[in-house]
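Inside the fold
Single-letter residue listing:
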Amino acid sequence: MDQSTLDQEIAVEQRHLDRVYARLAELRRAAVRAERDGYRLARVGNFGALVERDAMVFHAAQRRHLLDAEYEGLVFGRLDLRDGQVLYVGRLGIRDEDASTLVVDWRAPAAAAFYQATPAEPLGVVRRRTIQSSGERVTRIEDDLLDPDAAPPEMSVVGDGALLATLSRTTGRGMRDIVATIQREQDEAIRSPGSGVTLVSGGPGTGKTAVALHRAAYLLYADRSRYAGGGILVVGPSSVFVSYIASVLPSLGEDTATLHSLGSLFPGLAATRTDPPQVATIKGSLRMRRVLERAARDIAPGAPTELRLLYRGQLLRLDRTELDAVWNRALARGARRNEVRRAGFDGVLAALWAQARRLGIAGLPEQRAFEDELIERTDFRDFLKAWWPRLHPRHVLGWLADPERLRRYGTGILSGSEIRLLSQAYRGLAADGPTVADAALLDELDALLGKPMRRARPKRDPYQLAGGVRELSTFADRQRAARQAARERPEDYRDYAHVVVDESQDVSPMQWRMIGRRARLASWTVVGDPAQTAWTGDPQELTRARDQALGRRRRHRFTLTTNYRNSAEIFAVAAEEIRRVYPDLPLPTAVRSTGVDPIRLVVPPAELATSVVTAASALLDEVEGTVGVITPVPRRDEVAAWLGGLGGERLQVVTSLEAKGMEYDGVVLVAPGEIRAVPDSGVRTLYVALSRATQRLTTVDVAE
Ligand SMILES: Nc1ncnc2c1ncn2[C@@H]1O[C@H](COP(=O)(O)OP(=O)(O)OP(=O)(O)O)[C@@H](O)[C@H]1O
């Protein structure tokens, strides 16, 4: 391919891009005009005009926001079809003044061929072109000739593959969007039906996360009113991971999805602390539900065990047995304790009334008046509050820190050694706060305790200012408030229209229940890789819990087979590791080779610190992007201290568990032997850690 042909082809695409950006500028001006007209309308001053203005300004502002957000790389593809038609594919659809199509949205059916056409099945596409640009300038084009027989003689074909070019680029701190280079098997999963459950599996680096996020964007495009209305919830394993992927959805023009880590799904919690694997396994087991059921019905610590009241000179007394009888009656048949407090109180009043009658107290009024009299008394009200307090799940979780209570709740459900382990783990609860696994237990307790009866607080209206005027001062405020209103749902919102679960192999049975509570009306996308699981509990229990959450919805299965992340040299090391436990596991194929083998160091314990620091500095010099230092869980803080602030923003220290789903250009893996030695899940966790790097991997092991 000579330079002049390439220049000519680039010039052709530049002309189209110029037209698109000129049209974009026009559309943007129109949006600004609509906003201005909206404000003018406000001067009319009546209420109807104000409401109309709100709507007009909001839509215009939204449109303008979208046009601004999608500015970079707006057009990234071109299809030359057999019938001579040319289609441009981009981040959003744009029409010319005469309604002819300038750009097709990548999610539209017409754009599907861009991702699905292959030489074996060209789907009417003769040439597929990927266009890269910077600002408004075309910088590079790459072609695939899919149907040579149908190509007109003057058609030129340039470049040597957009995919590999994208893959060799360095990574920033966030995940990149791959909208220009989505591959066919990925596209099929992205566009699978919105209903039911879409299950996507595949080895490390096969694009499961990328697919899940692009699918969320696709669903929002395909049926905006349904998915933006109900909302899409994306659940990832850790907060490190959630901040890593958070950049992708806005870059796809979507900021309406809600992202949560497993530790932040329970309202008001942002747990990042993890438990040792054996403890996490106990906390994740469905048996915990039965343990929590017992706790949720138990008397609160320090609650009075009898009631004594002096009434008109006579002692009224309910002893423990009588109180327990009232308690059990009120809590019969699965009633939820916070919701039946009133029934408990009524039971106490009824028992006292019966006693007063038996005692034949002189001047006893009617039952109603007797009860009113007691309820007025502070000592009686204090008793009720202490005997049947309104409980938050955190209170009840806190009871598990008392070894005697835990033993009582766990007997016959957990083994003696499990109770001891759990008891030890909960010793730190008050000081360190709940762990990630506790989030699911809090959520379970919330379901068991029920909602306390409270008067509902009026919901805040983002447009409402003091004095009841629906007004906002500036345009920026209005835009921010409107976007926030779309995203901000009540803290315990549960009616999502779609739920995406990433790294699903690490969701414990109790966590499946927690997610399931938010997905009763939802369709699902579930992505994961069983070979990367850290779960060490009963696999059947895990399947059962997952199936229960997913219900009877129809399942659509997809498998991804190409590893786009690791160089072939790096993935070979990871593959060797996982083969120890799964000799026959089908593994993905890594498409890219760097010609650089990973470095394996083994050093005496005293030299570990200096070796890790040296290796990290070397990688910071060698790669342009990020370096991850992955450590065994107990060593994280120690290793972070060795490294000080080395590398600044470019370097991140994470544990082998936090590394899940993450990606770095260079990885230093500290003490892989210690990660492998963790019972049951060690090899799988090491496999995850070994498959995080795109360019360089150095492992630093400790000599025995
Ligand atoms: N079609 C593609 N074009 C370009 N890059 C891609 C493509 N598919 C995936 N990638 C890149 O490959 C890397 C791995 O993708 P991703 O993290 O989604 O994989 P994963 O299957 O979730 O991995 P893991 O299971 O190891 O966490 C990312 O950098 C992603 O951007």
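These numbers come from a predicted model, not from an experiment.

1. A closer look at the overall build of the protein chain
The secondary structure content of the protein chain amounts to 28 helices and 21 strands. Considering the protein chain as a whole, with its 704 residues, one finds that 39% of them fall into the buried category. Within the protein chain, contacts between residues at least 6 apart in sequence are counted, and of these 74% link residues at least 24 apart.

2. Considerations on unusual backbone geometry
The backbone phi angle of Leu123 is positive, close to 50°, even though this residue is not glycine. Along the chain, Leu123 falls in the loop between helix 3 (112-116) and strand 5 (125-134). Judged by local crowding, Leu123 falls into the partly exposed class, with 15 C-beta atoms found within 10 Å. With phi around 50°, Ala671 is a residue other than glycine that occupies positive phi space. With respect to the element layout, Ala671 can be found in the loop between strand 20 (664-670) and helix 27 (672-676).

3. Re the UniProt feature "binding site: ATP" (unreviewed entry) in the protein chain
Within the UniProt annotation, "binding site: ATP" (unreviewed entry) is assigned to Gly202, Gly203, Pro204, Gly205, Thr206, Gly207, Lys208 and Thr209. Position of Pro204 relative to the elements: it lies in the loop between strand 7 (197-202) and helix 6 (208-222). What Pro204 contacts, discounting residues up to four positions off in sequence, is Asp529, Gln532, Asn563, Arg565, Asn566, Ala574 and Ser691. Leaving out residues up to four positions away in the same chain, Gly205 has contacts with Asn563, Tyr564, Arg565, Asn566 and Ser691.

4. Observations regarding the nonpolar core
Ala216, Ile232, Val499, Val629 and Val668 are the most contacted members of the largest nonpolar core, which totals 143 residues. Per-element accounting of this core gives the leading share, 9 residues, to helix 6. If you look at the next biggest cluster of nonpolar residues, it comprises 12 residues, including Leu318, Leu323, Val326 and Ala356.

5. Here's the deal with the site of the ligand
Near the ligand there are 23 residues, and of these Pro204, Gly207, Lys208, Thr209 and Tyr564 occur at the shortest range. At the level of secondary structure, the elements contributing two or more residues to the shell around the ligand comprise helix 4 (162-168), helix 6 and strand 15 (562-567). Here the residues of the shell around the ligand sort into 7 nonpolar, 11 polar and 5 charged.

6. Here's the deal with the pairing of strand 4 (residues 101-105)
Relative to strand 4, strand 2 (residues 86-90) is paired through 2 bridges, and the arrangement is parallel. Residue Gly90 lies in a different strand from strand 4, and its bridge partner there is Asp105. One ladder, built from 2 bridges, connects strand 3 (residues 94-95) with strand 4; its direction is antiparallel. Across the sheet, Ile94 pairs through a bridge with Val103, a residue of strand 4. Hairpin connection of strand 3 to strand 4: 5 residues between the antiparallel strands, including Ala99 at a positive phi of 70°.

7. Observations regarding the packing of helix 13 (residues 341-359) against helix 14 (residues 367-376)
Their axes nearest at 11 Å, the elements helix 13 and helix 14 cross at an angle of 115°. Crossing of helix 13 over helix 14 shows right-handed handedness. Residues Leu349, Leu352, Trp353 and Ala356 of helix 13 form the contact with helix 14, whose own contacting residues are Gln367, Phe370, Glu371 and Leu374. Its residues assigned to classes, the contact of helix 13 with helix 14 comprises 6 nonpolar, 1 polar and 1 charged.

8. Some points on the environment of Gln548
Assignment of secondary structure puts Gln548 in helix 23 (residues 539-550). Between the C-alpha atom of Gln548 and that of Ile361, which follows or precedes it by 187 residues, the distance is 57 Å.

9. Some words on the sheet that holds strand 8 (residues 232-236)
The pairing of strands in a sheet comes from backbone hydrogen bonds and takes either a parallel or an antiparallel form. Read from one edge of the open sheet, 6 strands run 9-8-12-13-7-14, paired in parallel fashion. Taken across any chain shown, the strands that pair with only one partner, and hence form the sheet edges, are strand 9 (258-261) and strand 14 (555-560). The average angle at which neighbouring strand axes cross in this sheet is 15°, direction not considered. As paired strands, strand 7 and strand 14 are joined by 6 bridges and run parallel to one another. Residue Ser201 lies in a different strand from strand 14, and its bridge partner there is Thr559. Packed onto the sheet, helix 6 meets strand 7, strand 8, strand 12 (498-501), strand 13 (523-528) and strand 14 and runs at close to 165° relative to strand 13.

10. Details of the pairing of strand 16 (residues 589-592)
In the sheet, strand 15 pairs with strand 16 via 3 bridges, with the strands oriented parallel. For Ser567, the partnering residue across the bridge sits in strand 16 and is Arg592.

11. Here we look at the sheet that holds strand 19 (residues 651-655)
Taken together, 5 strands build an open sheet; the order of strands is 17-21-20-18-19 and the sheet is parallel. Every other strand in the sheet has two partners, leaving strand 17 (599-603) and strand 19 as the edge strands with one partner each. Direction aside, neighbouring strands of the sheet carry axes that sit 20° apart on average. When strand 18 (residues 627-631) meets strand 20, the two strands line up parallel, connected through 4 bridges. The residue bridging Val629 from the neighbouring strand is Val668, located in strand 20. Set on the sheet, helix 26 (residues 636-643) makes contact with strand 18, strand 19 and strand 20; between it and strand 19 the angle comes to about 165°.

12. Notes on helix 23
Compared with an ideal rise of 1.5 Å per residue, which puts 12 residues at 16 Å, helix 23 spans 17 Å between its outermost C-alpha atoms and is within 8% of the ideal. Along helix 23, the residues that are buried comprise Leu542, Ala545, Ala549 and Leu550. In a view along the axis of helix 23, the buried residues occupy a sector of 130°, so they form one face of it. Within helix 23, the exposed residues directed more than 90 degrees away from the buried face are Gln540, Thr543 and Asp547. On its buried side, helix 23 packs onto strand 7, helix 22 (509-517) and strand 13.

13. Some remarks on the confidence of the model for the protein chain
Residue-level pLDDT values for the protein chain average 88, and 89% of them are 70 or greater. Per-element mean pLDDT across the protein chain ranges from 52 in helix 21 (residues 475-487) up to 98 in helix 22. Scored as a complex, the prediction yields pTM 0.87 and ipTM 0.99.

Calculation criteria
- Residues numbered from 1 in each chain as written.
- Predicted model: local features only at pLDDT ≥ 70, side-chain atom pairs only at ≥ 80, totals over all residues.
- Helix = DSSP H or I, 4+ residues; strand = E, 2+ residues; numbered from the N terminus.
- Buried ≥ 20, exposed ≤ 12 C-beta atoms within 10 Å, placed from the backbone.
- Contact = placed C-beta atoms within 7 Å.
- UniProt positions renumbered as here; feature names shortened; annotations may be inferred.
- Core = buried A, V, L, I, M, F, W, Y, C linked by C-beta atoms within 7 Å.
- Near = placed C-beta within 6 Å.
- Nonpolar A, V, L, I, M, F, W, Y, C, P; charged D, E, K, R; others polar.
- Pairing = 2+ DSSP bridges.
- Axes fitted to C-alpha atoms, helices over the stretch in contact; angles between N-to-C directions.
- Left-handed = near helix turned anticlockwise from the far one by under 90°.
- Expected span 1.5 Å × (residues − 1).
- Arc of directions from axis to C-beta.
- pLDDT = per-residue confidence, 0-100.

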